[in-house]
Amino acid sequence: MLAATALALALQSSGAGGFSVAALMLAGVAPLVLLAPLAGRLADRVDSRTLLICAGLSQAAICLSLAFADGVGVKIVLVALLASGLAVTQPTLAALLPEMVSRFDLPRASAVNQTANSVGVLLGPALAGLLVGEFGVRVPLLIDSVSYLSLVAAGLLLGTRRGGGMRAKPAAAGVAGAGWTLRQDPIVLAMTAAIAGTVAGVGAVNVVEVFFVRDTLDSSTTVFGLVQATWTAGMLAGGWLLARSVQRARSDGALVDGLMLMLGLCCVAVLASAAVPSWGWLLPLWLFGGVFNGGLNVFSTMIMANRVPAADRGRAFAAQGAAIQGAGLFGFLAGGLLLERFEPRPLVAVCGLAGLLVVLLVAPKVRSATSEVTARPTPGGDRYGGDHEASESRPHPVSELPTDLLGLDALGRAYRC
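Here goes a summary of the coordinates provided. What you see is a predicted model, and the numbers here were worked out from it, not measured in a lab.

For the protein chain, the helix and strand inventory stands at 17 helices and zero strands. Per-residue burial for the protein chain yields a buried fraction of 55% across its 417 residues. Of the roughly 16,000 Å² of accessible surface on the protein chain, 67% is carried by carbon and sulfur atoms.

Written as structure tokens, this is what we have:
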């Protein structure tokens, strides 16, 4: 987030148009889509310690190169390389978490993980806005280079390992997932399709937002960082506040219903933001949207944990991420092209309305898919080794969660959802 925000601000400040900013964002997302099949297999088959150490060192070196790179083209290539490392580390870390804790501690562990993630996403844009305004783009990129060494530290310090012949704990091993694919599970497929479709509709706001805040609302780089951080602050709160809704959901179908509601409310926040007269009014709306984005992540995490076999989690998270990030690519491209012909404010409204229409259109089909699974259990068992018929009728193990991902780090804003 520090690198992405700093580079986007630098491009906008230098007079680059919407297409350049969109190309930068596309470079940061495309590897997550294109490398998903390979990255998922690596996460499941290669020692997680090796992956984290190698990826961390590589990303630190790439970010260091970005700090001294000249020319938009070179920066875009380096951003693509940086995202290639992310394509590997995202499913690796997402698949490691359920191996670290027992079944009943997983919701609390997910909440802690989402909180840490949200804090990083919260600080990144705000710090980038401040540092770019004071020192230019090089200082935040140098700081970011050092931050990637935390992956190396994680690889060395984490006692839990998977892949490369490492055996999962019996309590978390689940059912062997030979040949598991995204299309095999109607609930996971419906959830992924719903999120991806909504991101395709609303995702252009990630490109438009830079010009909306800086030009239309006549705000500084620091204010832009603050606005971005506000959405993430809402996510941080929403992950805990809306966890009780997960606790009340007694089936995966109910979880999907909650997820669809969160999607729609995120889009409502984006739609309403098009009417604000100044950046101050944007803060409560972005906070509102972030709260439901956090809730969306909790619902998504529990669905994935309940339904994906442990041995295939790396591939599952990579496949889901690729579908959603692929939809985000469409939004980035559309945002860059539309900014060449239209003003930012009406485009923000179009983004919110498009996302909301997608939610309304796909909701009946999603409900139909989840009803079918409730009536006809999917062979193979759930994530914890029980059968789906039982998992549909029992409460989810969230009773210890005082108030509680997407390893999809977030919606209404593709790179956050």
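Judged by nonpolar contacts, the single largest core of 88 residues is most densely connected at Ile195, Leu259, Met260, Leu263 and Leu282. Core analysis: the next-biggest nonpolar cluster, separate from the first, contains five residues, Ala39, Leu51, Ala87 and Val88 among them.

Before going further, it helps to examine the environment of Ser65. You can see Ser65 is positioned in helix α4 (residues 48–67). Using a relative accessible area of 39% as the deciding quantity, one classes Ser65 as partly exposed. For the pair Ser65 and Leu141, spaced 76 residues apart in the sequence, the C-alpha separation amounts to 9.0 Å.

A separate point is the packing of helix α9 (residues 186–202) against helix α13 (residues 252–273). Closest axis-to-axis distance for the α9/α13 pair is 11 Å, and the angle between their directions is 5°. In terms of their interaxial angle, α9 and α13 are classed as roughly parallel. Contacts between α9 and α13 pair Ile187, Met191, Ala194, Ile195, Thr198 and Val202 from the former with Asp252, Gly253, Val256, Leu259, Met260, Leu263, Cys267 and Val270 from the latter. Per-class residue counts for the contact of α9 with α13 are eleven nonpolar, two polar and one charged.

What follows is about the packing of aromatic side chains. For the structure shown, the criterion picks out two aromatic pairs. For the pair Trp231 and Trp286, a centre-to-centre distance of 5.2 Å together with 80° between the ring planes defines the contact as edge-to-face. One end of the pair, Trp231, is in helix α11 (residues 221–241); the other, Trp286, is in helix α14 (residues 279–307), and 55 residues separate them in sequence. Comparing Trp231 with Trp286, the two get one shared label, buried.

The next subject is the pattern of salt bridges. For the coordinates displayed, the defined rule picks out four salt bridges. A salt bridge links Arg161 to Asp47; the shortest N-O distance between them is 2.2 Å. You can see Arg161 sitting in the loop between α8 (149–157) and α9 and its partner Asp47 sitting in the loop between α3 (36–45) and α4, a full 114 residues away along the chain. A relative accessible area of 27% places Arg161 in the partly exposed class. Residue Asp47 is classed as buried on the basis of its relative accessible area of 12%. Among the salt bridges present, the one from Asp257 reaches Arg367, with a minimum N-O distance of 3.5 Å.

So, about the environment of Ala6. Within the secondary structure, Ala6 is located in helix α1 (residues 2–13). The buried category is assigned to Ala6, whose relative accessible area is 0%. C-alpha separation for the pair Ala6 and Arg138, spaced 132 residues apart in sequence, amounts to 8.8 Å. Ignoring any residue separated from it by four or fewer positions in sequence, one finds Ala6 in contact with Ala128, Val132, Val137 and Pro140.

Here the focus is the state of the cysteines. As enumerated under the stated definition, the model contains zero disulfides in all. The closest cysteine sulfur to the non-disulfide-bonded Cys351 is located on Cys267, 9.9 Å from its own sulfur.

You can see Asp44 is positioned in helix α3. For Asp44, a relative accessible area of 16% corresponds to the buried category. Beyond its immediate sequence surroundings of up to four residues, Asp44 is in contact with Arg162, Gly163, Ala311, Asp312, Arg313, Gly314 and Arg315.

What follows covers α4. With 20 residues, α4 should reach 28 Å at 1.5 Å per residue; the first-to-last C-alpha distance of 28 Å fits that figure. Taken together, the buried positions of α4 are Ser48, Leu51, Leu52, Ile53, Ala55, Gly56, Gln59, Ala60, Ile62, Cys63, Leu66 and Ala67. Residues of α4 that are buried make contact with α1, α3, α5 (72–100), α7 (138–147) and α8. A distance of 3.1 Å separates the backbone nitrogen of Arg49 from a side-chain oxygen at the start of α4, and that oxygen is part of Asp47.

Here we take up a nonpolar patch on the surface. Where nonpolar side chains cluster on the molecular surface, the patch consists of Leu353, Leu357, Leu360 and Leu361 and spans about 420 Å² of accessible area. Its place among the elements puts Leu357 in helix α16 (residues 344–375).

Now for unusual backbone geometry. The phi dihedral of Asp218 falls on the positive side, at around 50°, and the residue is not glycine. Here Asp218 falls in the exposed class, since its relative accessible area comes to 68%.

Let us look at the packing of α5 against helix α15 (residues 313–339). Where α5 meets α15, the axes come as close as 8 Å, and the angle between the chain directions of the two elements is 135°. Accordingly, the angle class assigned to the pair α5 and α15 is oblique. By crossing handedness, the relation of α5 to α15 is classed as right-handed. Of α15, the residues touching α5 (which contributes Pro91, Ala94, Ala95, Pro98 and Glu99) are Arg313, Gly314, Phe317 and Ala318. Residues that form the contact of α5 with α15 fall into these classes: six nonpolar, one polar and two charged.

Looking now at the environment of Ala310. Tracing the backbone through its elements, the reader meets Ala310 in the loop between α14 and α15. Taking the C-alpha atoms as reference points, Ala310 and Glu99, separated by 211 residues in sequence, lie 8.3 Å from one another.

What counts as what
- Residues numbered from 1 in each chain as written.
- Predicted model: local features only at pLDDT ≥ 70, side-chain atom pairs only at ≥ 80, totals over all residues.
- Heavy atoms only, no water.
- Helix = DSSP H or I, 4+ residues; strand = E, 2+ residues; numbered from the N terminus.
- Buried < 20%, exposed > 50% of the residue type's maximum accessible area, 1.4 Å probe, protein only.
- Areas by Shrake-Rupley, 256 points an atom, 1.4 Å probe, with all protein chains shown as cover.
- Core = buried A, V, L, I, M, F, W, Y, C linked by side-chain atoms within 4.5 Å.
- Axes fitted to C-alpha atoms, helices over the stretch in contact; angles between N-to-C directions.
- Parallel < 35°, antiparallel > 145°, perpendicular 65-115°, else oblique.
- Contact = heavy atoms within 4.5 Å.
- Nonpolar A, V, L, I, M, F, W, Y, C, P; charged D, E, K, R; others polar.
- Phe/Tyr/Trp six-rings, centres within 6.5 Å; stacked < 30°, edge-to-face > 60°.
- Salt bridge = Lys/Arg side-chain N within 4 Å of Asp/Glu carboxyl O.
- Disulfide = S-S within 2.5 Å.
- Expected span 1.5 Å × (residues − 1).
- Polar contact = N/O pair within 3.5 Å; in protein donor to acceptor, adjacent residues only side chain to side chain.
- Patch = residues over 30% accessible without salt bridge, like charges linked within 9 Å, V, L, I, M, F, W, Y side chains within 5 Å.
- Left-handed = near helix turned anticlockwise from the far one by under 90°.

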